[in-house]
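# Structural overview
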Amino acid sequence: ANGSKQGAAVEAWAGLGDAKEINENVIAPGGANGYSTFMGYYILKAKALAGDFEGALADMKAYWGTQAF
């Protein structure tokens, strides 16, 4: 994934690596920094596969929490 959260997420949900390890090393560091609008779902899905539900909720609040609906 070369440090890309998007690439790491694809690896995790495609079963190309250990989701927990990918989350710890690439996705979780920096919180929502490095998210993209279009790949956010897949990054959150990878966090869920890793069992990091609290981290996923924190990232959702940080990235999308300020949007007015």
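Note that the structure is predicted; figures quoted are calculated from it, not measured.

### Quick notes on the packing of aromatic side chains
The geometry of an aromatic ring pair is captured by two quantities: the separation of the ring centres and the angle between the planes. Using the criterion set out here, one finds five aromatic pairs in the structure. When the centroid spacing of 5.0 Å and the interplanar angle of 80° are considered together, the rings of Tyr41 and Tyr42 count as edge-to-face.

### Thoughts on the side chain of Asp59
Tracing the backbone through its elements, the reader meets Asp59 in helix H4 (residues 53-64). In this structure Asp59 touches Gly31, Ala32, Tyr35, Leu44, Lys47 and Trp64, once residues within four positions along its chain are discounted.

### Considerations on the environment of Tyr42
On the secondary structure map, Tyr42 appears in helix H3 (residues 40-49). Accessibility expressed as a relative area gives 30% for Tyr42, which makes it partly exposed. Separated by 33 residues in sequence, Tyr42 and Ala9 have C-alpha atoms that sit 6.0 Å apart. Tyr42 has contacts with Ala9 and Trp13, leaving out every residue within four places of it along the chain.

### A closer look at the nonpolar core
Grouped together as the largest cluster of nonpolar side chains are 13 residues, with contacts concentrated most on Ala9, Ala12, Ile22, Ile27, Tyr35, Ile43 and Ala46. When residues of this core are traced back to their parent elements, those giving at least two are helix H1 (5-13), helix H2 (19-27) and H3. Beyond its immediate chain neighbours, meaning those up to four positions away, Ala46 contacts Ala9, Ala12, Ala19 and Ile27.

Rules of the game
Residues numbered from 1 in each chain as written. Predicted model: local features only at pLDDT ≥ 70, side-chain atom pairs only at ≥ 80, totals over all residues. Heavy atoms only, no water. Phe/Tyr/Trp six-rings, centres within 6.5 Å; stacked < 30°, edge-to-face > 60°. Helix = DSSP H or I, 4+ residues; strand = E, 2+ residues; numbered from the N terminus. Contact = heavy atoms within 4.5 Å. Buried < 20%, exposed > 50% of the residue type's maximum accessible area, 1.4 Å probe, protein only. Core = buried A, V, L, I, M, F, W, Y, C linked by side-chain atoms within 4.5 Å.

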